[in-house]
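Below are the chains, spelled out letter by letter.
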Amino acid sequence: MTDRRDSAHTAGRRAGLDKQPHEVAAMFDGVARRYDLTNTVLSAGRDVSWRRATREALGARPGDVVLDVAAGTGVSTVELAAGGVRAVACDFSQGMLRAGAWRPVPMVAGDAMALPLADASVDGLVISFGLRNVADPDAALREFARVVRPGGTLVVCEFSSPTWAPFRTVYTEYLMRALPRIATAVSSNPDAYVYLAESIRAWPDQPALATRIQAAGWADVEWRDLTGGIVALHRARRP
Ligand SMILES: C[S@@+](CC[C@H](N)C(=O)[O-])C[C@H]1O[C@@H](n2cnc3c(N)ncnc32)[C@H](O)[C@@H]1O
């Protein structure tokens with residue numbers, strides 16, 4: 001199961017998804033206005049519990065500084081900021097940042113592969129539904145290890161692979177057929193959601209992603225499935 005998708009990814013051929021970083025940013029600029037609504041509709045409201053589980057997995061304490069990379073409109077950052085955590089949103093799509101500018105969290109423009117932060121300057125780092133879109137996820141994972149302090153935590157929340165084969169079949173049908181149709185009705189840029197479906201299928205499964213996180217310099221990598229493996233939460237510690 002890991003093989004075809006992972007080797008395609010490793011080889012840099014992401015199932016015909018070879019978008020340049022500026023094309024990815026432009027794609028998100030194009031969906032920014034209705035991003036939050038489309039998210040909730042396409043996930044049937046599950047996004048709320050996925051974000052809560054991400055915050056719980058991070059386990060940040062009041063006063064901790066947490067960077068939310070590929071934060072988009074900051075919807076994920078607001079959840080991380082609960083309980084006095086100092087969460088900062090970072091994204092390279094000006095359109096997404098503008099669409100979320102009303103949210104009560106600090107926002108900075110920045111690329112996941114070259115973050116505008118000093119070494120070991122944050123206690124924790126989260127990337128939710130973002131790593132799959134980064135041009136070089138392995139370079140980003142190494143960059144995350146640079147900015148997180150020793151002992152700090154990384155949480156990657158990303159679409160993954162349902163573990164029960166019959167459910168995986170139904171889910172793949174949803175991804176490839178239903179999702180693009182629903183997106184056509186809801187989103188301002190339906191093509192972006194065809195990309196979404198294809199990028200999820202091309203993404204490494206849970207153990208393959210864990211291996212890559214470890215190879216990027218992280219320790220104690222573990223994961224847990226959400227919603228039957230539609231989403232996986234990977235957590236790791238900066239040695
Ligand atoms: C699907 S959105 C996720 C937004 C938010 N984290 C959430 O949970 O809803 C993916 C985001 O990744 C951002 N992104 C993709 N590649 C990036 C990169 N190299 N650097 C910074 N942001 C990036 C896009 O601009 C987009 O806002």
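Residues numbered from 1 in each chain as written. Predicted model: local features only at pLDDT ≥ 70, side-chain atom pairs only at ≥ 80, totals over all residues. Heavy atoms only, no water.

A. Structural view of the site of the ligand. Around the ligand sit 21 residues in total, of which Y35, R51, A70, D91 and A112 are the nearest. Between F92 and the ligand, the recorded distance is 3.4 Å, taken from a backbone N or O atom to a nitrogen atom. Within the contact set of the ligand, a nitrogen atom lies 2.9 Å away from a backbone nitrogen or oxygen of S128. Protein contact buries 98% of the 600 Å² of open area that the ligand shows by itself. Residue classes in the shell around the ligand are distributed as 11 nonpolar, 7 polar and 3 charged. (Near = heavy atom within 4 Å. Polar contact = N/O pair within 3.5 Å; in protein donor to acceptor, adjacent residues only side chain to side chain. Areas by Shrake-Rupley, 256 points an atom, 1.4 Å probe, with all protein chains shown as cover. Nonpolar A, V, L, I, M, F, W, Y, C, P; charged D, E, K, R; others polar.)

B. Spotlight on unusual backbone geometry. Even without being a glycine, A44 presents a positive backbone phi close to 55°. As for its placement among the helices and strands, A44 is situated in the loop between α3 (35–42) and α4 (47–58). Residue classification places A44 among the exposed residues on the basis of a relative accessible area of 65%. (Helix = DSSP H or I, 4+ residues; strand = E, 2+ residues; numbered from the N terminus. Buried < 20%, exposed > 50% of the residue type's maximum accessible area, 1.4 Å probe, protein only.)

C. How the structure looks around the sheet that holds strand β1 (residues 65–69). What the 7 strands build is an open sheet, ordered β3-β2-β1-β4-β5-β7-β6; its pairing is mixed. The open sheet is flanked by β3 (107–109) and β6 (219–226), the only strands paired with a single partner. Strand-to-strand twist of the sheet, defined as the mean angle between neighbouring strand axes without regard to direction, takes the value 20°. As paired elements, strand β4 (residues 122–128) and strand β5 (residues 148–159) share 6 bridges and run parallel to each other. What sits directly across from V122, in β5, is V148. (Pairing = 2+ DSSP bridges. Axes fitted to C-alpha atoms, helices over the stretch in contact; angles between N-to-C directions.)

D. Spatial organisation of the UniProt feature "binding site: S-adenosyl-L-methionine" (unreviewed entry) in the chain. The sites that carry the UniProt feature "binding site: S-adenosyl-L-methionine" (unreviewed entry) are, in the present numbering, T73, D91, D111, A112 and S128. When sequence neighbours within four positions are dropped, the list of residues in contact with D91 reads A70, A71, G72, L97, V108, A109 and G110. Locating S128 in the fold gives a position in strand β4. Taking relative accessible area as the criterion, S128 reaches 8% and is therefore assigned buried. With residues near it in sequence (within four places) discarded, S128 still touches R51, D68, V69, A70, S76 and C157. (UniProt positions renumbered as here; feature names shortened; annotations may be inferred. Contact = heavy atoms within 4.5 Å.)

E. Structural view of helix α10 (residues 206–215). What α10 keeps buried is the set Q206, A208, L209, A210, R212 and I213. After α10 finishes, the residue G217 shows a positive phi value of roughly 110°.

F. Representation of the pairing of β6 within the structure. Where β6 and strand β7 (residues 231–237) come together, 6 bridges link them in antiparallel fashion. Opposite W223, over in β7, you have H234 as the bridge partner.

G. How the structure looks around helix α2 (residues 21–31). For α2, every residue scored as buried is listed here: V24, A25, M27, F28 and V31. Considered in projection along α2, the buried side chains sweep an arc of 160° and stay on one side of the axis. Tucked inside the fold, the buried residues of α2 contact α3, α6 (94–99) and α9 (191–202). (Arc of directions from axis to C-beta.)

H. Seen up close, the pattern of salt bridges. For the structure shown, the criterion picks out 10 salt bridges. R103 is the partner of D36 in a salt bridge, and the nearest nitrogen-oxygen pair spans 2.8 Å. Within this pair, whereas D36 is found in helix α3, its partner R103 is found in the loop between α6 and β3, the two being separated by 67 residues in sequence. Residue R103 is classed as buried on the basis of its relative accessible area of 12%. A salt bridge links R132 to E158; the shortest N-O distance between them is 2.8 Å. Linking R132 in the loop between β4 and α7 (137–147) with E158 in strand β5, this pair joins segments that are 26 residues apart in sequence. Look at E158 and you get buried, because its relative accessible area is 1%. (Salt bridge = Lys/Arg side-chain N within 4 Å of Asp/Glu carboxyl O.)

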